[in-house]
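# Fold and geometry: a report
What follows is the residue order along each chain.
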Amino acid sequence: MSRVRFDQVSKIYDKNVIGVDNITFEVQDKEFFVLVGPSGCGKSTTLRLIAGLEEPTKGKIYIGEGIVNDVPPKDRDIAMVFQNYALYPHMTAFDNMAFGLKMRKLPKSEIDNRVLAAAKILNISHLLERKPKALSGGERQRVAVGRAIVRDPKVFLFDEPLSNLDAKLRVQMRAELSQIQKKLQTTVFYVTHDQVEAMTLGQRIGVMKDGKLLQVSDAMTLYDAPVNKFVAGFIGSPPMNFVEGFIKNEPKIIFEGNGLNFPLSPEIAKRLGSYVNQKVIMGIRPEDILLNDNDRNLPKFQAWVEMTEPMGNETIAYLRVANNRLVARIPSRYQPTTIENVDFFINFEKIHFFDKTTEQAIGLK
């Protein structure tokens with residue numbers, strides 16, 4: 001079993017600076033697990049705790065079935081891939097990949113076999129005699145991944161490995177990393193600040209903020225059922241729109257949000273019954289602001305179109321409703337004139353509501 005488990009783990013630095021705040025989660029055997037969050041949220045600290053580069057202030061860390069709190073990094077049977085590749089510049093790609101195996105004094109024939117097998121998986125067999133300066137960024141990253149693969153560890157740790165690559169190469173490497181993990185059937189713990197990267201790679205994703213693990217789930221659950229406003233706004237691009245307003249009963253239950261006012265369906269009204277006459281935050285994703293209600297009797301509002309961004313397959317429209325600014329994804333064939341007053345509809349079934357004080361989701365199913 002190559003699972004990783006955190007049991008109420010905290011890491012507190014000097015002057016009570018909290019790196020990780022009492023987190024509990026499990027990375028399952030042979031799972032591609034991604035930890036995502038903004039800079040400074042504690043995700044790299046979490047990875048370093050697994051690697052043994054940091055010691056937990058409290059709690060237990062398991063790799064496999066054993067507690068590793070007091071196990072040195074070299075004895076944890078993990079392999080790390082860093083953001084900056086960390087290749088030896090004076091060594092060839094082959095020697096970089098073989099270095100750790102040589103330090104373990106493995107037979108030369110086994111070293112050769114492992115390196116050649118990893119190079120074949122990564123499609124870099126023709127690059128093994130080149131030094132890092134003769135390799136592109138993507139090729140260097142493949143060598144760094146190969147150096148980890150040859151060790152055949154229990155767990156792979158990736159610390160933002162694609163952040164130095166250009167956009168096109170990042171997309172390519174995402175696909176390749178996913179395929180490599182499936183071929184090797186190994187456990188991967190992957191850290192990134194890029195939510196698109198997280199959603200495309202992770203079988204499950206953990207979202208962190210301020211050292212706390214807010215939600216762990218698959219990508220679509222995070223997208224469709226975020227537990228709070230932060231997760232709702234962090235997952236998705238463009239991010240979810242948020243509008244503050246009141247729930248009122250006049251005589252039907254309505255949302256009144258400073259120019260964005262509409263009645264609520266009976267199902268939503270039931271969820272929000274205890275919030276009548278209270279402030280809430282309404283959330284709606286850009287793709288759920290529609291140009292046509294298709295006879296569904298959806299709530300309608302008028303908005304000024306302040307700016308549009310044609311994206312080829314769609315258009316991103318920036319709207320203003322009173323003091324509210326909204327972003328909508330609309331079909332590319334429709335190009336509203338800037339400063340045009342346009343009718344839009346809100347998809348009832350996709351509205352989210354959050355408590356104004358706690359920012360927790362209201363009535364989450």
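This write-up is about the structure you can find in this document. (Residues numbered from 1 in each chain as written. Predicted model: local features only at pLDDT ≥ 70, side-chain atom pairs only at ≥ 80, totals over all residues. Heavy atoms only, no water.)

### Comments concerning the packing of helix α4 (residues 137-149) against helix α5 (residues 167-184)
What counts here: Only the contacting stretch of a helix is used when fitting its axis, a line to C-alpha atoms as for every element, and angles between N-to-C directions run 0 to 180 degrees. Elements are defined by DSSP. Helices are runs of H or I of four residues or more, strands are runs of E of two residues or more, and each kind is numbered from the N terminus. Note on terminology: angles under 35 degrees are roughly parallel, angles over 145 are roughly antiparallel, angles of 65 to 115 are roughly perpendicular, and the others are oblique. Handedness of a crossing is defined here by the sense of rotation of the near helix relative to the far one, left-handed for an anticlockwise turn of less than a right angle and right-handed for a clockwise turn. Pairs of residues are marked as contacts when any of their non-hydrogen atoms sit within 4.5 Å. Note on residue classes: Ala, Val, Leu, Ile, Met, Phe, Trp, Tyr, Cys and Pro are nonpolar, Asp, Glu, Lys and Arg are charged, and everything else, Gly too, is polar.
Look at α4 against α5: their axes get within 12 Å of each other, and the N-to-C directions meet at 20 degrees. Accordingly, the angle class assigned to the pair α4 and α5 is roughly parallel. Of the two elements, α4 crosses α5, and the hand of that crossing is right-handed. Judged by residue contacts, Gly138, Gln141, Arg142, Val145 and Ile149 of α4 engage Leu169, Gln172, Met173, Glu176, Leu177, Ile180 and Leu184 from α5. A breakdown of the residues in the contact of α4 with α5 according to their chemical character gives seven nonpolar, three polar and two charged.

### Looking at the sheet that holds strand β4 (residues 58-63)
Counted only if it meets this: Whether two strands pair comes down to DSSP finding at least two bridges between them.
Reading across the sheet, the four strands line up as β2-β1-β4-β5 and stay open at both edges, with antiparallel pairing between neighbours. Edge strands, defined here as strands with exactly one partner in the open sheet, are β2 (18-27) and β5 (66-67). The pairing of strand β1 (residues 4-12) with β2 spans six bridges and is antiparallel. By the bridge assignment for β2, isoleucine 12 is matched with isoleucine 18. Contacts from helix α1 (residues 43-51) reach β1, β2 and β4, with the element oriented near 115 degrees to β1.

### Focus on the environment of aspartate 152
By the element assignment, aspartate 152 lies in the loop between α4 and β7 (155-159). Between the alpha carbons of aspartate 152 and asparagine 84 there is a distance of 21 Å; along the sequence they are 68 residues apart.

### Concerning the sheet that holds β7
The strand order across the open sheet formed by six strands is β6-β7-β8-β3-β9-β10, and the pairing between neighbours is mixed. At either end of the open sheet lies a strand with only one pairing partner, and these are β6 (78-81) and β10 (212-217). Sheet twist, expressed as the average angle between the axes of neighbouring strands with direction ignored, equals 20 degrees. Of the pairings in the sheet, the one linking strand β3 (residues 32-36) to strand β9 (residues 204-209) comprises four bridges and is parallel in character. The residue bridging valine 34 from the neighbouring strand is isoleucine 205, located in β9. The sheet contacts of α1 involve β3, β6, β7, β8 (187-192) and β9, and relative to β8 the element is tilted by about 150 degrees. Its contacts with the sheet put α4 on β6 and β7, and the angle it makes with β6 is roughly 175 degrees.

### Some remarks on the pairing of strand β18 (residues 324-331)
In terms of strand pairing, strand β17 (residues 314-321) meets β18 through eight bridges, oriented antiparallel. By the bridge assignment for β18, alanine 317 is matched with alanine 328. Between β17 and β18, which pair antiparallel one after the other, the connecting turn spans two residues, and alanine 322 there sits at a positive phi close to 55 degrees.

### Considering the side chain of asparagine 228
The criterion, for reference: Burial classes: relative accessible area under 20% of the type maximum marks a residue as buried, over 50% as exposed, and values in between as partly exposed (1.4 Å probe, protein chains only).
Within the secondary structure, asparagine 228 sits in the loop between α7 (219-224) and α8 (229-234). Judged by relative accessible area, which is 8%, asparagine 228 ranks as buried. Other than its neighbours up to four places away in sequence, asparagine 228 contacts Leu214, Phe354, Glu359, Gln360 and Ala361.

### A closer look at α5
Counted only if it meets this: Any helix carries an expected span of 1.5 Å times its number of residues minus one. Here a polar contact means two N or O atoms within 3.5 Å. Within protein one must be a hydrogen donor candidate and the other an acceptor candidate, and residues neighboring in sequence count only if both atoms are side-chain atoms.
The terminal C-alpha atoms of α5, which comprises 18 residues, lie 26 Å apart, in line with the 26 Å expected from a rise of 1.5 Å per residue. Listed as buried for α5 are Leu169, Met173, Arg174, Leu177, Ser178, Ile180 and Gln181. Elements that come into contact with the buried residues of α5 comprise β3, α3 (108-122), α4, β7, β8 and α6 (195-201). Regarding α5, its N-cap is aspartate 166, as a side-chain oxygen of that residue lies 3.2 Å from the backbone nitrogen of lysine 168 further along. Positive phi appears at glutamine 185, one or two residues downstream of α5, with a value of about 50 degrees.

### Comments concerning the pairing of strand β19 (residues 341-346)
Regular strands place side chains that alternate from one sheet face to the opposite one. Two elements, strand β15 (residues 289-290) and β19, share two bridges in a ladder whose sense is antiparallel. Residue pairing for β19: isoleucine 289 is matched across the bridge by isoleucine 346. The sheet contact formed by strand β16 (residues 300-310) and β19 spans five bridges and is antiparallel. For glutamine 302, the partnering residue across the bridge sits in β19 and is aspartate 343.

### Observations concerning the packing of aromatic side chains
We apply this condition: Side-chain rings of Phe, Tyr and Trp, where Trp is taken by its six-membered ring, are said to pair if the distance between their centres is within 6.5 Å; with planes under 30 degrees apart they count as stacked, over 60 as edge-to-face, and otherwise as tilted. Throughout this description, the term charge over a ring refers to an Arg CZ or Lys NZ atom that lies within 6 Å of the ring centre and within 35 degrees of the ring normal.
Per the counting criterion, the structure on display carries 13 aromatic pairs. Judged by centre distance (4.9 Å) and plane angle (55 degrees), the rings of tyrosine 88 and phenylalanine 99 are tilted. Highlighted residues: tyrosine 88 in the loop between β6 and α2 (93-103) and phenylalanine 99 in helix α2, separated in sequence by 11 residues. Exposure remark for tyrosine 88: the relative accessible area of 34% places this residue in the partly exposed category. Residue phenylalanine 99 is classed as partly exposed on the basis of its relative accessible area of 26%. Grouped by ring-pair contacts, the aromatic residues Phe6, Phe25, Phe33 and Phe189 constitute a single cluster. One Lys or Arg, arginine 5, reaches over the ring of tyrosine 62 and ends 3.9 Å from the middle of that ring. For the cation-ring pair, lysine 229 lies above phenylalanine 242, with the distance from its terminal atom to the ring centre recorded as 4.7 Å.

From the geometry alone we can't say anything about function, so treat these as descriptive.
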